[in-house]
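Topology and contacts: notes
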Amino acid sequence: MARRKLVVGNWKMNGLRAHLPQIAAIGEEAAAYPSVETGLCVPATLITMANEVKGAAFIGGQDCHAKGNGAHTGCLAADMLKEAGATWVIVGHSERRADQGETDSDVAGKALAAHAQGLKVILCVGESLEIRDSGEALSFVLAQLEASLPEGAASDWLSIAYEPVWCIGTGRIPTMDQIADMHGSIRNALVQRIGDDGNAMRILYGGSVNAANAAEVFAVADVDGGLVGGASLKVESFGPIIAAAAA
Ligand code: PGA
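A few points on the structure. Computed from a predicted structure; not experimentally measured.

With that settled, consider the environment of D79. Within the fold, D79 resides in helix α3 (residues 78-84). Between the C-alpha atoms of D79 and L119, which are 40 residues apart in sequence, the distance is 8.8 Å. Filtering out sequence-adjacent residues up to four positions away, D79 remains in contact with G68 and Q117.

Within this structure, the stated rule accounts for 14 salt bridges. Here D222 and R3 are joined by a salt bridge, their closest N and O atoms 3.2 Å apart. On the criterion of sequence distance, the pair formed by D222 in the loop between α9 (214-218) and β8 (225-228) and R3 in the segment before β1 (6-10) is long-range, its members being 219 residues apart. Among the ionic contacts, a cluster of salt bridges with common partners joins R3, R187, D222 and D224.

Let's shift gears to the site of the ligand. Close contacts around the ligand come from 13 residues, with K12, H93, E163, G169 and S208 the closest. Here an oxygen atom of the ligand sits 2.7 Å away from a polar atom, N or O, in the side chain of K12. The separation between an oxygen atom of the ligand and a polar side-chain atom of H93 is 2.7 Å. For the ligand, whose unbound accessible area comes to 280 Å², protein coverage reaches 95%. Split by residue class, the shell around the ligand holds 4 nonpolar, 7 polar and 2 charged.

A few words now on the nonpolar core. Grouped together as the largest cluster of nonpolar side chains are 59 residues, with contacts concentrated most on L158, I160, I186 and F218. Top contributing element to this core by residue count: helix α10 (residues 235-246), with 6 residues. What I160 contacts, discounting residues up to four positions off in sequence, is L123, V125, L145, L149, I186, L190, M201, R202, I203 and L204. In terms of nonpolar packing, the next biggest core, distinct from the first, is built from 11 residues, L6, V8, I90 and L204 among them.

So, about the packing of helix α5 (residues 104-116) against helix α7 (residues 137-148). Running from amino to carboxyl end, α5 crosses α7 at an angle of 45°, the nearest separation of the two axes being 7 Å. It follows from the interaxial angle that α5 and α7 lie oblique. Where α5 abuts α7, its residues D104, S105, V107 and A108 lie against A143, Q144, A147 and S148. Its residues assigned to classes, the contact of α5 with α7 shows 4 nonpolar, 3 polar and 1 charged.

Here we come to the layout of surface pockets. Considering only enclosed or pocket space, the largest pocket measures out at about 540 Å³ in volume. If you trace the largest pocket, you find 23 residues lining it, with K12, Q62, D63, R96 and Q100 closest to the centre. Of all the elements, helix α4 (residues 94-99) adds the most residues to the lining of the largest pocket, at 3 residues. Its residues assigned to classes, the lining of the largest pocket shows 9 nonpolar, 7 polar and 7 charged.

Cut-offs used in this document
Residues numbered from 1 in each chain as written. Predicted model: local features only at pLDDT ≥ 70, side-chain atom pairs only at ≥ 80, totals over all residues. Heavy atoms only, no water. Helix = DSSP H or I, 4+ residues; strand = E, 2+ residues; numbered from the N terminus. Contact = heavy atoms within 4.5 Å. Salt bridge = Lys/Arg side-chain N within 4 Å of Asp/Glu carboxyl O. Near = heavy atom within 4 Å. Polar contact = N/O pair within 3.5 Å; in protein donor to acceptor, adjacent residues only side chain to side chain. Areas by Shrake-Rupley, 256 points an atom, 1.4 Å probe, with all protein chains shown as cover. Nonpolar A, V, L, I, M, F, W, Y, C, P; charged D, E, K, R; others polar. Core = buried A, V, L, I, M, F, W, Y, C linked by side-chain atoms within 4.5 Å. Buried < 20%, exposed > 50% of the residue type's maximum accessible area, 1.4 Å probe, protein only. Axes fitted to C-alpha atoms, helices over the stretch in contact; angles between N-to-C directions. Parallel < 35°, antiparallel > 145°, perpendicular 65-115°, else oblique. 1 Å grid on protein atoms, 1.4 Å probe; cavity = no way out; pocket = protein on both sides within 12 Å on 5 of 7 lines; lining within 4 Å. Points joined across faces, edges and corners; volume = space filled by probe spheres on them.

Next comes the structure, spelled out in structure tokens:
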């Protein structure tokens, strides 16, 4: 099944007004590769400003609360991200699972809250190095997927990002065989869970994607794009990744 490649930058806790020209340049690069769906998930404080310069890129948030609103100091509800101009949101990133103690059921709730506001969702899963070394990576990730994927998940609003924790920001990436194994297993699990639409759901790879490895990673079966951290902060490093997805 042909799936449009999706390349998303995750700016994490980086980005001030001074970085808007980078967003504009990335938006221009996105326009040059219309076959690829390109976006940037920026800090919430930048969403409104980023929207004004985003060109052909979409702007997303990096998390939302599972509740509509209320007494949750410091948190953001999905309708707030939407009002600011986000059209997508990442949920369940491993840094939030680790730093904020988010559970699989929290992540499923966040995905549903985002969808209720019409936001598209990138739902992250991935194993630690300890789990990879123990030989349990596949079963761990599939269990995490099963418990994090909300009821009613569908390919037109939700994509998966497989991000091995040991590859995030480390410069390490799995072998292409390991990526193929994991993505193939996620694909099977999606089809089992949601039927045919599981074949249409995009599965991104994330973790140390860069201009040098993107083409090889994107050529792996069932890799439908990437979630890119460090290399998405500058057009010089992100542009070639978008181009690799278009090839
Ligand atoms: P990285 O981060 O590309 O800097 O490894 C990826 C991510 O955490 O989404």
